[in-house]
Amino acid sequence: MQTRQILSIAAGVLTLFTGIYAVRFFWFSQEPQPVDTPAEVHELSGQDKRLSGPFRYKNLTVYLVHGKDTLTGRTPLTLEEAIERKAVIVHETADVNELAIENVSAKDEVFVQAGDIVKGGQQDRVLAVDLIVPARSGRMPIDSFCVEQGRWTSRGSESRAEFNSSADYAPSKELTVAAKHGKSQQEVWNQVEESQEKLSAATNSNTASAVSRSSLPLTLENQNVRRDSGEYVKTLSDAVDGKADVIGFVFAINGRINSAETYGSSALFAKLWPKLLKAASIEAVAESRGESADLKPVAVADIESFFKTAEAPSTTETRPVTDRVTMTTRESKTTILFESTDDKALLHRNYIFK
């Protein structure tokens with residue numbers, strides 16, 4: 001074969017592979033797009049809140065909740081940012097169901113949300129109550145449940161006496177209910193195991209960590225879980241941009257209402273939004289196996305009914321957490337509402353559809 005023919009064939013092959021590479025690069029580098037993101041605002045009859053949305057990606061639908069602030073004064077730090085700033089210390093107590101939290105800041109209060117996961121200590125935990133930790137608080141007890149089994153020593157370079165991060169929130173409504181309502185360690189472990197199994201199936205991988213197979217936060221750090229949930233986060237995170245009166249959100253997975261979170265401060269919600277969206281996205285990934293992404297968004301009328309039903313029952317349980325924070329539970333056949341107040345001002349509401 002002549003040299004000219006060989007060069008011609010080589011050039012053709014090179015052009016073919018260049019074209020294939022270009023197509024693959026263009027296809028896989030495209031940012032995920034939401035199914036639709038209209039900016040409609042929906043008034044809710046007889047309620048002091050409004051909705052905007054829907055904002056959708058695959059099997060996750062989000063509506064933002066708009067309303068007035070009920071909390072005044074300086075916005076507290078979230079637990080995640082307080083730990084990062086070393087403004088708060090979460091101490092191990094060697095009691096699976098109780099930790100101690102200490103705010104060492106001279107001026108900033110810290111908001112702890114039931115469902116916050118703390119990593120480290122002798123076992124990873126999920127916190128079970130809402131709490132405002134005042135500046136220079138000293139050690140305060142806080143209820144917790146283990147989201148890891150078997151370990152009772154330090155892990156790697158982590159401190160055995162303290163918890164080094166709180167980057168994640170409970171990634172399923174069932175786990176939230178087990179910690180806040182069922183108050184059962186065995187049920188918490190069952191829900192951790194179920195989340196791990198669903199995430200492994202949805203990502204077609206083993207999401208349990210070789211370092212500690214039962215650790216929920218290590219599963220949530222799995223690269224496949226982060227990759228798949230990250231697509232949801234990337235698509236939906238800017239839904240709150242330019243909306244100063246957003247106090248919470250409600251979300252549906254696979255066309256069914258899941259949960260809602262509202263706060264007494266739009267500034268507090270803005271701080272919590274990335275962590276909350278990440279948790280909702282991880283739950284959507286866990287529930288995505290076998291589900292079609294072509295789902296109709298949940299109707300506003302259904303969300304309106306959800307809020308009314310959850311808020312209707314008389315108090316089923318009220319408990320003081322501290323001398324200023326009180327948690328109240330209201331339960332119907334289809335809903336649970338956890339409400340916390342700070343000196344009688346609304347702090348946080350967590351609505352769950354059973």
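Residues numbered from 1 in each chain as written. Predicted model: local features only at pLDDT ≥ 70, side-chain atom pairs only at ≥ 80, totals over all residues. Heavy atoms only, no water.

Q: Residue-level account of helix α8 (residues 300-311), with values.
A: Taking 1.5 Å as the rise per residue, α8 with 12 residues should run 16 Å; its terminal C-alpha atoms sit 17 Å apart, in good agreement. Along α8, the residues classified as buried are V300, I303, E304, F306, F307 and A310. Seen along its axis, α8 keeps its buried residues to an arc of 155°; they face one direction. (Helix = DSSP H or I, 4+ residues; strand = E, 2+ residues; numbered from the N terminus. Expected span 1.5 Å × (residues − 1). Buried < 20%, exposed > 50% of the residue type's maximum accessible area, 1.4 Å probe, protein only. Arc of directions from axis to C-beta.)

Q: Explain the nonpolar core residue by residue, including any values.
A: Counting residues in hydrophobic clusters, the biggest one holds 47 residues, and the most contacted among them are L60, V62, L64, V188, F249, F269 and W273. Broken down by secondary-structure element, the contributors of at least two residues to this core are β2 (50-57), β3 (60-66), α3 (173-182), α4 (185-203), α5 (216-220), α6 (223-236), β13 (246-253) and α7 (266-286). It is α7 that provides the largest number of residues to this core, a total of 12 residues. If sequence neighbours within four positions are ignored, F249 has contacts with V62, Y63, L64, V65, S259, A260, E261, F269, W273, L276 and A280. Counting residues in each nonpolar core, the second largest holds 20 residues, with L77, A87, V112 and F163 among its members. (Core = buried A, V, L, I, M, F, W, Y, C linked by side-chain atoms within 4.5 Å. Contact = heavy atoms within 4.5 Å.)

Q: Let's hear about the sheet that holds strand β4 (residues 77-78): which residues, and what values?
A: Across the sheet, 3 strands lie side by side as β4-β7-β10; this open sheet has mixed pairing. Across the chains shown, the open sheet's two edge strands, defined by having one partner strand only, are β4 and β10 (131-133). Both strand β7 (residues 110-112) and β10 contribute to a ladder of 3 bridges, which runs antiparallel. What sits directly across from V112, in β10, is L131. (Pairing = 2+ DSSP bridges.)

Q: An account of the packing of aromatic side chains is requested, with residue identities and associated values reported.
A: Inspection of the entire model under this criterion finds 11 aromatic pairs. Here the aromatic residues F111, F249, F251, Y263, F269 and W273 are joined through ring pairs into a cluster of three or more. Against the face of F307 rests K49, its NZ or CZ located 4.8 Å from the ring centre. (Phe/Tyr/Trp six-rings, centres within 6.5 Å; stacked < 30°, edge-to-face > 60°. Lys NZ or Arg CZ within 6 Å of the ring centre and 35° of its normal.)

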